[in-house]
Number of protein chains: 2
Amino acid sequence: MALKVYADRMSQPSRAILIFCKINDIDFEEIRVDVLKNQQFSPEYKAINPMSQVPAIIDGRFKLFESHAILIYLSCAFPGVASHWYPGDLSNRAKIHSVLDWHHSNLRRGTVGLVFNTILAPLVGLPSNLQTAKEAEKILMKSLSKIENFWLKDGRFLVGSSQPSIADISLVCEIMQLELLSEKDCDRILSPYKKVVKWIEDTKKATAPHFDEVHDFLFKAQKRIRERKATESGKNEVKSKL
Amino acid sequence: MALKVYADRMSQPSRAILIFCKINDIDFEEIRVDVLKNQQFSPEYKAINPMSQVPAIIDGRFKLFESHAILIYLSCAFPGVASHWYPGDLSNRAKIHSVLDWHHSNLRRGTVGLVFNTILAPLVGLPSNLQTAKEAEKILMKSLSKIENFWLKDGRFLVGSSQPSIADISLVCEIMQLELLSEKDCDRILSPYKKVVKWIEDTKKATAPHFDEVHDFLFKAQKRIRERKATESGKNEVKSKL
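None of these values were measured; they are calculated from a predicted model. (Residues numbered from 1 in each chain as written. Chains lettered and ligands numbered in written order. Predicted model: local features only at pLDDT ≥ 70, side-chain atom pairs only at ≥ 80, totals over all residues. Heavy atoms only, no water.)

Here we come to the overall build of chain A. For chain A, the helix and strand inventory stands at nine helices and four strands. Radius of gyration (C-alpha) of chain A: 19 Å, near the 18 Å computed for a compact globule of 242 residues. Overall, the C-alpha framework of chain A stretches about 65 × 45 × 30 Å when taken along its three principal axes. Burial analysis of chain A (242 residues in total) assigns 50% to the buried set. Considering only residue pairs separated by 6 or more positions, chain A has 68% of its internal contacts joining residues 24 or more positions apart. Charge-centre separation for chain A: the mean point of 35 positive side chains lies 4 Å from the mean point of 29 negative side chains. (Helix = DSSP H or I, 4+ residues; strand = E, 2+ residues; numbered from the N terminus. Rg over C-alpha atoms; globule rule 2.2 N^0.38 Å. Buried < 20%, exposed > 50% of the residue type's maximum accessible area, 1.4 Å probe, protein only. Contact = heavy atoms within 4.5 Å. Lys, Arg positive; Asp, Glu negative; His and termini not counted. Charge placed at Lys NZ, Arg CZ, Asp CG, Glu CD.)

Structure (structure tokens):
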């Protein structure tokens, strides 16, 4: 029985798992859990992940959630995975753990707080908090600066590597979520960080063509959101002229 | 040269590393980084951890920060560490990673947000946000419920183990930070979770006498904070009667 990956391509950690499986030729079945339709709260899915979040996997009888734990498990459980994704060397592996742990309270917290409170919450009719969005943007900018000046200081990929690891896939997929913002905001946030921008491109290339294929869903959502914003802004302009 | 552990015993992840080293007879030197005196921002410490957080370690020439990454590194780098702390078996190890990853955005986020905004910020004259504290308490209660009903469901320790792992040390040290609240608040938060309370005791016993010795610093701080609160509340009572 092939590995089952429960995912929603709107979710950045879900995309990381899908790209990782594809680039490493892991045989898997993708099962969509539509988060906007609250399918993560169904009793069937809660039996797989009681935290009601995507992604999760089932490998044989073994269930697992939390995307970093999944990436590490897949790196070790499938013998075809090249060692640069999750190095066997003790200190290199420790550095990968360090950046993955750092990610949770920094880049991830910033991106999720900003995108949820400015784009996703209004879209699905949930309350949003602009003060939280503002604080999240500060965390995000600080995190990007740390990636630029520390994590990418000595190499093409994170922690000074010449080849990508699971950390590059995880963190770049997180940053891609900013594509849901307006083009102007996305540029304003990313353009000061030249190394970050180059690293995103390098990670895309290293995981081509799967990176773009898995992100196609996000780009289509981006297009719809930007068109909707443009229509709303047009309506407001007409209103203000009346 | 012995392992160097840069720590502040007021910090819960610092205490986790210290207890782990002591229970496993790892030869180490503890170097205090006094967070209340902002020593984590000194250029010397930033050269060890550019994120200006405790704990960090130096092992020979190898520097590492993020407490979970450190616990995993120590488990693998020191041959005397018993395998239950960080199991070699692929699926058991994956479950430990899963609970450690889950911790960041759940139990840790809840505890830090609550204790910082109600106790630590006012203590050091930093602005506190009671709305954030309220939201953090919600995250904390939800996290404790998940520990009670999922993570501790099948065993004495996390992920159904009969012996403690690095995850037990990390999460119990986090919960111990609640000791800085008033006795009433601490009881109100923890007492509904019987399994959690038992698990805390079991983890203390499994790491005795080091657990209490390392926490002595926190208990002394707790005493000072509670005395100060009592004095302030006495003064307010006198004022209200005038």
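After that view, the rundown keeps rolling.
Attention now moves to the interface of chain A and chain B. You'll often see interface size given as the accessible area lost when the parts meet. Contacts between the two partners involve 28 residues from chain A, matched on the other side by 28 residues from chain B. The junction of chain A with chain B conceals about 2,500 Å² of combined surface from both sides, 69% of it contributed by carbon and sulfur atoms. When residues of chain A are sorted by the area they lose upon contact with chain B, A:Met51, A:Leu90 and A:Asp101 head the list and together hold 21% of the total. The interface formed by chain A and chain B includes zero salt bridges. Our count for the contact surface shared by chain A and chain B stands at eight residue pairs in polar contact (both at pLDDT 80 or more). Sort the elements by how many residues they give to the side of chain A that touches chain B and helix H4 (residues 90-124) of chain A lands first, with twelve residues. Residue classes in the side of chain A that touches chain B are distributed as 16 nonpolar, six polar and six charged. (Buried area = accessible area lost by both parts, 1.4 Å probe. Salt bridge = Lys/Arg side-chain N within 4 Å of Asp/Glu carboxyl O. Polar contact = N/O pair within 3.5 Å; in protein donor to acceptor, adjacent residues only side chain to side chain. Nonpolar A, V, L, I, M, F, W, Y, C, P; charged D, E, K, R; others polar.)

For the rest of this paragraph, the subject is helix H8 (residues 194-206) of chain B. In this model H8(B) runs 18 Å from its N-terminal to its C-terminal C-alpha over 13 residues, within 8% of the 18 Å that 1.5 Å per residue would give. For H8(B), the full list of buried residues reads B:Val196, B:Trp199, B:Ile200, B:Asp202, B:Thr203 and B:Lys204. (Expected span 1.5 Å × (residues − 1).)

If you trace the backbone, B:Gly125 turns up in the loop between helix H4 (90-124) and helix H5 (130-151). Distance from B:Gly125 to B:Ala2, taken between C-alpha atoms, is 37 Å for residues 123 residues apart in sequence.

Each copy of the sequence occupies a distinct position, and chain A is placed on chain B by a rotation of 180° and an axial shift of 0.0 Å, giving an RMSD of 0.0 Å. Both copies of the chain, as the preceding transformation shows, are related through a two-fold rotation axis. Relative to the rotation axis, the closest C-alpha in chain A is found at A:His104, a distance of 3.1 Å. When the interface residues of chain A are mapped onto chain B, 100% of them are again interface residues, pointing to one common binding face. (Least-squares fit on C-alpha atoms with pLDDT ≥ 70 in both.)

Our focus in this paragraph is a nonpolar patch on the surface. Residue and element names in this part refer to chain A. Side chains of Leu36, Val112, Phe116, Val124 and Leu126 sit close together on the surface and give an oily, nonpolar patch of about 400 Å² of accessible area. Mapped onto the fold, leucine 36 is located in the loop between strand E2 (28-32) and helix H2 (43-46). Its relative accessible area of 53% is what places leucine 36 among the exposed residues. (Patch = residues over 30% accessible without salt bridge, like charges linked within 9 Å, V, L, I, M, F, W, Y side chains within 5 Å. Areas by Shrake-Rupley, 256 points an atom, 1.4 Å probe, with all protein chains shown as cover.)

Now for the sheet that holds strand E4 (residues 62-65) of chain B. All names here are of chain B. Strand order in the open sheet made by the four strands is E2-E1-E3-E4, with mixed pairing throughout. Looking at which strands have only one partner, the edges of the open sheet turn out to be strand E2 (28-32) and E4. Direction aside, neighbouring strands of the sheet carry axes that sit 20° apart on average. Pairing of strand E1 (residues 3-7) with E2 involves five bridges; the strand directions are parallel. Across the sheet, leucine 3 pairs through a bridge with phenylalanine 28, a residue of E2. (Pairing = 2+ DSSP bridges. Axes fitted to C-alpha atoms, helices over the stretch in contact; angles between N-to-C directions.)

The next point concerns the packing of aromatic side chains. This structure, assessed with the given rule, holds 14 aromatic pairs over all chains. The interplanar angle of 45° and the centroid separation of 5.5 Å between the aromatic rings of A:Phe65 and B:Trp151 together place this pair among those described as tilted. With one member in each of two chains, A:Phe65 in strand E4 (residues 62-65) and B:Trp151 in helix H5 form a pair that bridges those chains. Per residue, the accessibility class of A:Phe65 equals that of B:Trp151, and both read buried. (Phe/Tyr/Trp six-rings, centres within 6.5 Å; stacked < 30°, edge-to-face > 60°.)

Residue and element names in this part refer to chain A. In terms of domains, chain A is made up of domain 1 (3-81) and domain 2 (87-230). Between the C-alpha centres of domain 1 and domain 2 there is a distance of 19 Å. Of the roughly 2,100 Å² buried at the junction of domain 1 and domain 2 (both faces included), carbon and sulfur atoms supply 72%. Scanning the region where domain 1 abuts domain 2 turns up two salt bridges. Here glutamate 213 ties to lysine 22 by a salt bridge, and the two come within 2.9 Å at their closest N and O atoms. Linking domain 1 with domain 2 are ten residue pairs in polar contact (both at pLDDT 80 or more). Counting only elements with at least two residues in the side of domain 1 that touches domain 2, the list comes to helix H1 (12-23) and helix H3 (67-77). Of all the elements, H1 adds the most residues to the side of domain 1 that touches domain 2, at nine residues. For the side of domain 1 that touches domain 2, the residue count by class is ten nonpolar, three polar and six charged. (Domains from an automatic or database assignment.)

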